[in-house]
Amino acid sequence: MRGILILNTGSPKTKNREDVKFFIGAMLSDPLVLSTVPNWFRDTLAKRIIAPLRASNSASHYELIWDNEHNESPLIYNSLQLAKKIESSTGLPTEVAMRYGSPSILDAFTRLKQKCATLHEVIVVPMFPQYAQSSYQTAVDEVGRCFMSKPQSFRIKFIEPYFNKPEYISALADSIRPFTEKGYDKLVFSFHSLPIAHVEIGWKKGKDFDYVFQVKETVRLVTKELGIDPKKNRIVYSSAIGRKWLKPDLEETMKQLAESGTKKVIALTAGFPADNLESLYDIDIVAREAFESNGGKEFYFVPGLNAEDFWVEGLVKIISSKI
């Protein structure tokens with residue numbers, strides 16, 4: 001029997017400073033994330049310098065977006081809900097794992113085997129529509145490392161980045177359509193920024209690894225699906241931590257749009273199907289404030305696909321293509 005593993009980046013265990021510091025340190029010590037730092041210095045820089053400096057500020061951001069009702073981060077909660085619906089829809093055991101923190105990949109493998117003694121194959125679904133070495137590649141590599149760390153009774157298959165898959169495009173369009181139908185001035189697609197060095201490495205490998213190409217293709221296809229004016233679109237990037245990162249910047253763009261007379265904006269993150277800090281904080285709080293405090297009148301945030309039924313249906317079709 002087959003099983004399904006929903007794979008994402010991860011989240012702090014709690015919104016407390018120490019858990020946030022641990023998560024930041026774990027993520028930034030990854031050589032595929034902080035790739036320009038020498039190996040001998042990366043752990044020290046990530047865990048003893050950057051993480052302690054950023055922990056309090058980041059914890060305050062998590063405080064603002066934390067799902068207190070379920071005592072969980074929105075990313076983890078929405079991932080678990082998605083897994084439940086996929087399991088119900090397919091009849092296949094489904095678990096969630098994170099690249100950093102918990103639920104861990106090895107624990108997810110164990111739970112899948114507990115659900116199914118005859119498990120012979122696991123379909124791994126990285127929740128990254130566009131390829132990037134610091135998201136898709138590091139998550140896939142870690143699954144491979146965990147898989148090879150001990151003998152397993154099953155094999156693994158990976159879902160490739162689905163930036164142009166009709167099922168993903170349709171689901172994204174379905175999430176946006178209720179907002180665009182009411183009229184708007186600009187539709188802002190926000191994606192995670194990357195170091196230019198990472199972008200150039202991917203570009204040289206071809207379109208299967210070209211982040212900027214995949215970002216633009218997603219926006220082009222969604223625009224076509226919605227039948228809207230591409231001139232009203234803006235592609236922006238968030239979470240840059242250096243000068244040589246992808247731009248234009250989300251917050252700065254929102255400020256400029258408002259100052260130039262734009263009154264009604266719709267914004268979403270099209271690179272993360274599950275809501276997280278970059279959607280709930282960067283867009284719905286920071287970008288909203290930048291727009292409204294500089295003269296913008298109407299700001300609409302499009303929630304992530306999360307565990308919406310139309311996304312479950314689309315993702316099941318994407319998974320089925322591997323079975």
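Details of the structure are given in the entry above.
Because the structure is predicted, anything quoted here is derived from the model rather than measured.

Undergrad: How do you make sense of the sheet that holds strand S3 (residues 121–126) when you look at a structure like this?
TA: In any sheet, the strands associate via hydrogen bonds between backbone groups, in a parallel or an antiparallel arrangement. Spatial ordering of the open sheet is given by S2-S1-S3-S4, a layout of 4 strands whose pairing is parallel. Each end of this open sheet is capped by a strand with a single partner; those strands are strand S2 (94–98) and strand S4 (155–158). Between one strand axis and the next, the sheet turns by 25° as a mean value, whatever way the strands run. Sheet topology note: the strand S1 (residues 2–8)/S3 ladder contains 6 bridges and is parallel. Opposite Gly3, over in S3, you have Val122 as the bridge partner.

Undergrad: Would you explain the environment of Phe299 in this entry?
TA: Looking at the secondary structure, you find Phe299 in strand S8 (residues 298–301). Assessed through its relative accessible area of 5%, Phe299 is described here as buried. Sequence separation between Phe299 and Ala287 is 12 residues, and the spatial gap between their C-alpha atoms is 9.0 Å.

Undergrad: For this particular structure, what's the right way to read the pattern of salt bridges?
TA: Oppositely charged side chains are able to pair whenever their charged atoms sit close together. One pass over the structure, following the stated rule, counts 20 salt bridges. Two residues, Glu87 and Lys115, come together in a salt bridge whose shortest N-O distance is 2.8 Å. Here Glu87 is found in helix H3 (residues 74–90), whereas its partner Lys115 is found in helix H4 (residues 105–115), with 28 residues between them in sequence. Relative accessible area serves as the criterion here: at 27%, Glu87 is assigned to the partly exposed category. Residue classification places Lys115 among the partly exposed residues on the basis of a relative accessible area of 43%. Its salt-bridge partner being Asp284, residue Arg288 comes within 2.7 Å of it at the nearest N-O pair. Pair noted here: Arg288 and Asp284 are both in helix H11 (residues 282–292), with a separation of 4 residues, about one helical turn.

Undergrad: Can you walk me through the packing of helix H1 (residues 17–28) against helix H2 (residues 39–65) in this structure?
TA: The packing of two helices is summarised by the inter-axis angle and the distance between the axes. Between H1 and H2, whose axes approach to 7 Å, the crossing angle comes to 135°. In this view, H1 runs oblique relative to H2, as classed from their interaxial angle. As H1 runs across H2, the sense of the crossing is right-handed. Between H1 and H2, the residues in contact are Arg17, Val20, Lys21, Phe23, Ile24, Gly25 and Leu28 and Arg42, Ala46, Lys47, Ile50, Ala51, Pro52, Arg54, Ala55, Ser56, Ser58, Ala59 and Tyr62, respectively. Each residue belonging to the contact of H1 with H2 can be placed in one class, and the counts come to 11 nonpolar, 3 polar and 5 charged.

Undergrad: Teacher, can you tell me more about unusual backbone geometry here?
TA: For residues that are not glycine, phi is negative in most cases, and the peptide bond is trans in most cases. Of note, the bond from Ser102 into Pro103 is cis; its omega dihedral lies within 30 degrees of zero at 0°. Examined against the element boundaries, Pro103 turns out to sit in the loop between S2 and H4. Residues Lys247 and Pro248 are joined by a peptide bond in cis, for which omega reads 15°. Along the chain, Pro248 turns up in the loop between strand S6 (233–238) and helix H9 (250–259). Positive phi, normally seen in glycine, also occurs at Ser239, with a value near 70°. Positionally, Ser239 belongs in the loop between S6 and H9. We classify Ser239 as partly exposed; its relative accessible area is 28%.

Undergrad: Would you mind showing me how to read the packing of aromatic side chains here?
TA: Note on aromatic pairs: each is described by the distance of the centres and the angle between the planes. The final tally for this structure, using the stated rule, is 12 aromatic pairs. Between Tyr62 and Trp66, the ring centres sit 6.2 Å apart and the planes meet at 75°, which makes this aromatic pair edge-to-face. A single burial state applies to Tyr62 and to Trp66, both of which are buried. On the numbers, 6.2 Å between centres and 75° between planes, the contact of Phe163 with Phe213 is edge-to-face. Within this pair, whereas Phe163 is found in the loop between S4 and helix H6 (166–180), its partner Phe213 is found in helix H8 (residues 211–226), the two being separated by 50 residues in sequence. Overall, Phe163 belongs to the buried group, its relative accessible area being 8%.

Undergrad: Help me understand the packing of H9 against H11, please; the structure alone is not making it clear to me.
TA: Running from N to C, H9 and H11 cross one another at 35°; their axes reach a closest spacing of 7 Å. Like other packed secondary-structure pairs, H9 and H11 cross with a definite hand, here right-handed. Along its contact with H9, which presents Leu250, Glu251, Met254, Lys255, Leu257 and Ala258, the element H11 presents Asp282, Ile283, Val286, Ala287, Ala290 and Phe291. Per-class residue counts for the contact of H9 with H11 are 9 nonpolar, no polar and 3 charged.

Undergrad: Sorry if this is basic, but what is going on with the pairing of strand S7 (residues 264–269) here?
TA: Walk down a regular strand and you will see the side chains alternate between the two sheet faces. Counting buried residues in S7 gives 6 out of 6 residues, a clear majority hidden from the surface. Of the two faces of S7, the one lined by Lys264, Ile266 and Leu268 and the one lined by Val265, Ala267 and Thr269 are each fully buried. Relative to S7, strand S5 (residues 186–192) is paired through 5 bridges, and the arrangement is parallel. When the sheet's bridge partners are listed, Leu187 is paired in S7 with Ile266. Examined bridge by bridge, S7 and S8 share 4 bridges and lie parallel to one another.

Cut-off values and rules
Each chain has its residues counted from 1, following the order in which its sequence is written. Reporting in this predicted model follows two pLDDT cut-offs: at least 70 for local features of residues, and 80 or more for side-chain atom pairs to be given and counted; totals over whole chains, interfaces and linings ignore these cut-offs and use all residues. As a rule here, side-chain values come from all non-hydrogen atoms in the structure, and water together with hydrogens is ignored. Strand pairing requires that DSSP identify at least two bridges connecting the strands. The secondary structure listing takes helices from DSSP runs of H or I that are at least 4 residues long and strands from runs of E that are at least 2 residues long, numbered from the N terminus. A fitted line through C-alpha atoms represents every axis, and for helices the fit uses only the stretch in contact; the resulting angles, taken between N-to-C directions, go from 0 to 180 degrees. With a 1.4 Å probe rolled over the protein chains alone, any residue whose accessible area is under 20% of its type maximum counts as buried; one over 50% counts as exposed, and the rest are partly exposed. For this document, the term salt bridge refers to a Lys or Arg side-chain nitrogen within 4 Å of an Asp or Glu carboxyl oxygen. Reported orientations rely on four angle classes, namely roughly parallel under 35 degrees, roughly antiparallel over 145, roughly perpendicular from 65 to 115, and oblique for the rest. Note on convention: the crossing is left-handed when the near helix lies turned anticlockwise from the far helix by less than a right angle, right-handed when the turn is clockwise. Contact between two residues is taken to exist if any of their heavy atoms lie within 4.5 Å; hydrogens are not considered. All amino acids are sorted into three groups, where Ala, Val, Leu, Ile, Met, Phe, Trp, Tyr, Cys and Pro are nonpolar, Asp, Glu, Lys and Arg are charged, and the leftover types, Gly among them, are polar. Two aromatic rings, drawn from Phe, Tyr or Trp (for Trp, its six-membered ring), form a pair once their centres lie within 6.5 Å of each other, and the interplanar angle then sorts them: stacked below 30 degrees, edge-to-face above 60, tilted otherwise.

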